[in-house]
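Listed here are the chains, written in short residue letters.
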Amino acid sequence: MLEFLSRIITCSLRTSMIDKVCVFETTSLRSSSLRCISSNTTNHHAFTESYLINSCGLSPKSALAASKDVHFDDPHKPDVVLSFFKNHGFSKAQIFNIIKGYPGVLLTNPDKTLLPKLEFLQSKGVSSPDIAKIISSHPWTLQRRYCFVPIFYFFKHLVQSDDTTIKVFKRYPGLFGLDLAIVTSMLNILRDNGVPESNIPMLARCYPLTMMLTLEKFKKLVEELRAMGFDTSTSRFILAMNVLCLMSRVKWERKLDAYRDWGLSHEEILAAFRKYPYFMTASEYKIMEVMCLFVNKLGWEPSFIAKHPSLMLYSVEKTLIPRASVLEFLVSRGLIEKSFRSFEFFQSPENKFLQNVISSYAESTELLQLYREKQNLSRCKGCRRYPAILQTPLSAGGVIDSYVWNFSGNGIYTVRSGYGGAEHLLTTSNGQTSAGKSSHSDSANHIWKEIWRF
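Reading the values: the criteria
- Note that residues are indexed from 1 along each chain, following the sequence as it is written.
- pLDDT decides what is reported in this predicted model: residues at 70 or higher carry local features, side-chain atom pairs at 80 or more are listed and counted, and totals for whole chains, interfaces and linings draw on all residues regardless.
- Side-chain descriptors were evaluated using all non-hydrogen atoms of the structure, hydrogens and water having been removed beforehand.
- Using a grid of 1 Å spacing that covers the protein atoms alone, one calls a set of points a cavity when a 1.4 Å probe fits there but cannot get out, and a pocket when the set is open and has protein on both sides within 12 Å along at least five of seven lines; lining residues are those with an atom within 4 Å of a point.
- Grid points are joined across faces, edges and corners, and a volume is the space filled by probe spheres set on the points.
- In DSSP terms, a helix is any run of H or I states spanning at least four residues, a strand is any run of E spanning at least two, and both are numbered starting from the N terminus.
- Ten residue types, Ala, Val, Leu, Ile, Met, Phe, Trp, Tyr, Cys and Pro, are classed as nonpolar, four, Asp, Glu, Lys and Arg, as charged, and the remainder, Gly among them, as polar.
- What a helix is expected to span follows from its residue count: subtract one and scale by 1.5 Å.
- When a residue's accessible area, from a 1.4 Å probe over protein chains only, is under 20% of the maximum for its type it is buried; when over 50% it is exposed; and in between it is partly exposed.
- In this description, the arc belongs to the directions extending from the helix axis to the C-beta atoms.
- The contact criterion used throughout is that any non-hydrogen atoms of two residues lie within 4.5 Å.
- Each axis is a line fitted through C-alpha atoms, and for a helix only the stretch in contact is used; angles between axes span 0 to 180 degrees, taken between their N-to-C directions.
- Should an angle lie under 35 degrees it is considered roughly parallel, over 145 roughly antiparallel, and from 65 to 115 roughly perpendicular; all remaining angles are considered oblique.
- Aromatic rings from Phe, Tyr and Trp, with only the six-membered ring used for Trp, were paired whenever their centres fell within 6.5 Å, and each pair was classed as stacked if the ring planes differed by under 30 degrees, edge-to-face if by over 60, and tilted otherwise.
- Only when the NZ of Lys or the CZ of Arg is both within 6 Å of the ring centre and within 35 degrees of the ring normal is a charge said to sit over the ring.
- Polar contact is the term for a pair of N or O atoms within 3.5 Å; when the atoms are in protein, one must be able to donate a hydrogen and the other to accept it, and sequence-neighboring residues count only if both atoms are side-chain atoms.
- By salt bridge we mean one thing: a side-chain nitrogen of Lys or Arg within 4 Å of a carboxyl oxygen of Asp or Glu.

Observations regarding empty space enclosed by the protein
Phase 1: What the rule picks out here adds up to two cavities of 30 Å³ or more.
Phase 2: Its volume calculated, the second largest cavity comes out at about 30 Å³.
Phase 3: Along the walls of the second largest cavity sit Leu-121, Val-126, Ile-134, Phe-152, Ile-166, Phe-169, Lys-170 and Phe-176, which together make up its complete lining.
Phase 4: When residues of the lining of the second largest cavity are assigned to their parent elements, the largest contribution, three residues, is made by helix α8 (residues 162-171).
Phase 5: Here the lining of the second largest cavity is built from residues that sort into seven nonpolar, no polar and one charged.

Following this line, the structure appears as structure tokens:
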């Protein structure tokens, strides 16, 4: 019995030792294989990175990121792709953009994947330089899953013209990456919400970026505009879609606050937006400039701007300030009542303004001189932001601001006080006055010209 047990124990120990040896050998083989795979992968990455840096011009950081998506240990395929682009007129900078944006292109077969897309664009009259611009600006559209032909003809069906379709894709090459099923769903959403068929080409022709939203965001955009009270049957609804599509929520809220700060209610702002959607494209600074001019300088009600929202898009320096100065002159002479309000006064074309306003008064010569002076001042470099600064009231107590010359006792500028002021400004820190210069000096000529403008 003891002998039997001894044999069993001995046999078990031998079996255990054999198992351990087998496990050790298997583990060693696996470890060796992993080291081999790891070594090969490292070599692949090293070669890929080196090629991307030396042959494609990528930075080490960009090459490292790209090597995670594309691997090769032979330069043949990448060399063929680079030669393809060079032979088709792509510049080094454009090839760099393509490789950086879509490194996987280096492993494609140019004749099967790339050439058909280029030939299709050429067949539609797109020049080689334009093709290079389109491709290099959105290289991801070169992926096999994006086919140019269906999306091109989809847009052509909407806008009914090859030339117009080409213009759209030149401006927005990213449209080649659209999913036709999603775009079709978007157009059906518009139709279901009362957008007439005649307005849909306008979206494709002028505001196609809205089609690059996700389907969910597109739905929310339509719902939001309907909640604002937009009539979906008008072209203004399509325009408003584009305005909201291109504006972040933060910017939208900040512009609402900018208008509220001047006393406009939320409903007045939305009414202005419905009437003229570009009303909300004005920058916060532009809002401040225009409201400051009409409310503080002219004394008009903020609601006037809300009722005539297109005033927000007129040039403050070239149009609004010169005409406001003419209006102030006429009011000061008693030629126009202070209660005068007119959108046409600011909206009328230049020739009609000169004919119907400037030339209709006996003081036409003086008016024209004032008008031209203000227009010329708008061309002065560095004067871009002076109107709003000067028009911002300094006193909360209602005291009227006035211009004061700092270098005379009564605050009025004279030639003598001008020279005194210049002398004061040229005085050095140690109390010594620097040598005076003639106003005819070439070095100071432009400075004196600006002084004499006053």
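Alright, that's what it looks like, and here's the rest.
Some words on helix α13 (residues 249-260)
Phase 1: When the terminal C-alpha atoms of α13 are compared, their 17 Å separation across 12 residues agrees well with the 16 Å that a helix rising 1.5 Å per residue should span.
Phase 2: Three or more residues of α13 are buried, namely Trp-252, Lys-255, Leu-256, Ala-258 and Tyr-259. The arc enclosing the buried residues of α13, seen along the axis, measures out at 160 degrees, which places them on a common side.
Phase 3: Next to the buried residues of α13 lie α12 (235-245), α14 (266-275) and α15 (284-297).

A closer look at the packing of α12 against α14
Phase 1: Interhelical geometry of α12 versus α14 gives an angle of 115 degrees and a closest axis separation of 9 Å. As the angle between them shows, α12 and α14 are arranged roughly perpendicular. Seen from α12, the contacting residues are Arg-236, Ala-240, Val-243 and Leu-244; seen from α14, they are Phe-273, Arg-274 and Lys-275.
Phase 2: Residues that form the contact of α12 with α14 fall into these classes: four nonpolar, no polar and three charged.

Structural notes on the environment of Met-288
Phase 1: The topology assignment puts Met-288 in helix α15.
Phase 2: Taking relative accessible area as the criterion, Met-288 reaches 28% and is therefore assigned partly exposed.
Phase 3: In this structure the C-alpha to C-alpha distance between Met-288 and Tyr-259, which are 29 residues apart in sequence, comes to 8.3 Å.

Focus on the packing of aromatic side chains
Phase 1: All chains considered together, the criterion is met by 26 aromatic pairs.
Phase 2: Note on Phe-154 and Phe-155: the rings are 6.2 Å apart at their centroids and 70 degrees apart in plane angle, and the pair reads as edge-to-face.
Phase 3: Aromatic ring contacts, followed pair by pair, group Phe-120, Phe-148, Phe-152, Tyr-153, Phe-154, Phe-155, Phe-169 and Phe-176 into a single cluster.
Phase 4: Here the basic side chain of Arg-323 rests over the ring of Phe-353, its NZ or CZ set 4.2 Å away from the ring centre.

Description of unusual backbone geometry
Phase 1: Of note, the phi angle at Gln-160 is positive, near 60 degrees, even though the residue is not glycine.
Phase 2: By the secondary structure assignment, Gln-160 is in the loop between α7 (148-159) and α8.
Phase 3: On the basis of relative accessible area, Gln-160 is assigned to the exposed category, the value being 61%.

Brief notes about the side chain of Thr-108
Phase 1: Counting through the fold element by element, Thr-108 comes out in the loop between α4 (92-101) and α5 (110-123).
Phase 2: Residue Thr-108 is classed as buried on the basis of its relative accessible area, which comes to 14%.
Phase 3: Here Val-105 takes part through its backbone oxygen, which lies 2.6 Å from a polar atom of the side chain of Thr-108.

Side note on helix α20 (residues 364-377)
Phase 1: Here α20 is 14 residues long and its end C-alpha atoms lie 20 Å apart, about the 20 Å a rise of 1.5 Å per residue gives.
Phase 2: Along α20, the residues classified as buried are Leu-367, Leu-370, Tyr-371 and Gln-375. Down the axis of α20, the buried set is contained in an arc of 135 degrees. They therefore lie on one face.
Phase 3: Residues of α20 that are buried sit in contact with α17 (316-332) and α19 (350-356).

What to know about the pattern of salt bridges
Phase 1: Enumeration over the complete set of coordinates arrives at 13 salt bridges.
Phase 2: Taking the shortest distance from any N to any O, the salt bridge between Arg-260 and Asp-257 comes out at 2.7 Å. Placement of the pair is Arg-260 and Asp-257 together in helix α13, with a separation of three residues, close to one helical turn.
Phase 3: Relative accessible area serves as the criterion here: at 32%, Arg-260 is assigned to the partly exposed category.
Phase 4: The class of Asp-257 is partly exposed, set by a relative accessible area of 38%.
Phase 5: Residue Glu-366 is joined to Arg-333 by a salt bridge in which the shortest nitrogen-to-oxygen separation is 3.1 Å. A residue pair is termed long-range when its members are at least 10 positions apart, and Glu-366 in helix α20 and Arg-333 in the loop between α17 and α18 (344-347) qualify at 33 residues.
Phase 6: For Glu-366, a relative accessible area of 38% translates into the label partly exposed.
Phase 7: Taking relative accessible area as the criterion, Arg-333 reaches 43% and is therefore assigned partly exposed.
Phase 8: Each of Lys-124, Lys-156 and Asp-162 takes part in a single network of salt bridges with overlapping partners.

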